Amino acid sequence: MRKAASSPVWIFNFGCRFSAERPDATSRKMAADKLDEIALSRDLSTNEMMMRANLANQSGDWQQTRQMYIDLISRNAKSEQIKASYCAQLIQRDNLSEAKRWLAQLTDGSSEKVQLQALIFAKENKAADAQKLLVSFAQHVRKETPAALATVALAAEAAAKNDAAATNGKMSPLWGLAEQLWQAFDKDNAESESELALFYARVPQGKRLTQALKLSRSELQNALKENDEAACMDYITVGIIGLHNSREALGSNSKPFDEVEKWINACRAREIASEYNLDRKLSELLEAKQDKARLESLYKKLIQHPDASKLDQAIFRNNLAYMLAVSGRGQDALQVVEGAIDQLGPRGDLLDTRAMAYIAAGEHAKAVEDLQSIDNRGESTASTLFHLAYAQSQAADADSAKETLNRSIEMGLDSDSLPQEERQMLDSLVKQLGISLEKPSQG
């Protein structure tokens, strides 16, 4: 399986990424603290400053992010990469007027400028202009460097996800352009089936799930014949990504899930991969399927598996505890997550899960305490702040809940990316507090 197509890191800020693990801000905080410590003894290098700015952005500290980018640009006035990264941050915050001023400083016809301009067009409800720009650029790069079509295809995906007209379940026409570009890339580049299959898996609402599974099925059969473990695992992953992104569209239809499970079992029968690695893939599949009964049993098996590292065990405990918490089994969840905390200490992600368990158990003051501790340590995410706001509201502190939820929204809380149980919590909270989920533009 070929590696994923290369593209500037910032372009992925506008997409979504599947992960079976819950967010962890502890490592981010540790990295930021280390860079701040270095800065006390010497000036940070350009790369270190870029890293620190990105960490500040992930923490929701826009003022620090903005100042660090301005400092970076003043030190590297000719660097279009830094200007493009800053422009992307501005677009992400819907500060399009300032983004356009920085965009004007980029070289006409450059890949960065084209991709960013397409994003701005999409956010301005000008999908036709974005499509025209990307088609023209694709025709140019295809003549010069056929492999670069992948970058244009990714830009089309990013623009599609940010199309202002694509609301209430409506699909952006830019998805159709992205498909054409990936198909052209597939035609021009040998052994590129993985990129096309991954694209089909990423298309929302399950609109291209059939195509993703068809391509993956064909490639998996070849990999099984060749006893190629890496390729087998990769195409199983493609199937799981597609199912995860299609879960709501599939409803009660379990046939696609059953097919991917058969792929896992085929690898198991041929002993192509270890039982432990295949069970991990099965856990990802069952998570996408929301088969909680089987998933609970499998997590317990994985926790006890001799191949599981201490970190793996804690991750499985954390995932199991979270699942139990959102299922209303607060006391069971508390017992499980305490085991993870015993293994790794009071990390932010583990305290967040324990807080969810406390919420499920009706112990809202304890939930507030855990989530406030995360915030005091500078490890909050949009998700943990939302959890804190919910716990505060349940503890009858509506004023604090409103302030905290607004912070979460400013940090980029996305209701569409939340699990169904948390979307229900958010809907209830928003109704109770009477506020809008729309993120304000930041200058």
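Calculation notes
Residues numbered from 1 in each chain as written. Predicted model: local features only at pLDDT ≥ 70, side-chain atom pairs only at ≥ 80, totals over all residues. Heavy atoms only, no water. Helix = DSSP H or I, 4+ residues; strand = E, 2+ residues; numbered from the N terminus. Expected span 1.5 Å × (residues − 1). Buried < 20%, exposed > 50% of the residue type's maximum accessible area, 1.4 Å probe, protein only. Contact = heavy atoms within 4.5 Å. Polar contact = N/O pair within 3.5 Å; in protein donor to acceptor, adjacent residues only side chain to side chain. Core = buried A, V, L, I, M, F, W, Y, C linked by side-chain atoms within 4.5 Å. Salt bridge = Lys/Arg side-chain N within 4 Å of Asp/Glu carboxyl O.

With that out of the way, let us pick up helix 9 (residues 174–188). Residues three or four positions apart in an α-helix share a direction because the helix packs 3.6 residues into each turn. Taking 1.5 Å of rise per residue, the 15 residues of helix 9 would be expected to cover 21 Å, and the 21 Å separating its terminal C-alpha atoms lies within 8% of that figure. Here helix 9 has its buried residues at Leu174, Trp175, Leu177, Ala178, Glu179, Leu181, Trp182, Ala184 and Phe185.

Quick look at the side chain of Lys281 now. With respect to the secondary-structure elements, Lys281 resides in helix 14 (residues 275–289). For Lys281, the residues in contact, after removing those within four places along its chain, are Met233, Ile236, Thr237, Ile240 and Ile264.

Right, let's get into the side chain of Glu422. Take Glu422: it is sitting in helix 22 (residues 420–433). Here Glu422 falls in the buried class, since its relative accessible area comes to 2%. Of note is the side chain of Glu422, whose polar atom sits 2.4 Å from the side chain of Tyr322.

Turning our attention to the nonpolar core. By size, the foremost hydrophobic cluster in this structure holds 74 residues, and its most contacted members are Ile236, Val260, Leu285, Phe386 and Leu405. A total of 9 residues in this core trace back to one element, the largest contributor, which is helix 16 (residues 310–326). If sequence neighbours within four positions are ignored, Leu405 has contacts with Phe386, Ala389, Leu413, Leu426, Leu429, Val430, Leu433 and Ile435. Core analysis: the second largest hydrophobic core is formed by 38 residues, Trp175, Leu177, Tyr235 and Val238 among them.

A separate point is the pattern of salt bridges. Once their charged atoms are close, side chains differing in charge can pair, the charge on each being opposite to the other. For the structure shown, the criterion picks out 30 salt bridges. For Lys301, the salt bridge is made with Asp279, and the minimal N-O distance between the two is 3.0 Å. You can see Lys301 sitting in helix 15 (residues 292–303) and its partner Asp279 sitting in helix 14, a full 22 residues away along the chain. With its nearest N and O atoms 3.5 Å apart, the salt bridge here joins Glu284 to Lys281. Residue Glu284 and its partner Lys281 are both found in helix 14; the two are separated by 3 residues, about one turn of the helix. Summarising the burial analysis for this pair, Glu284 and Lys281 share the class buried. One salt-bridge network, in which partners are shared between bridges, spans Arg268, Glu275, Asp279 and Lys301.

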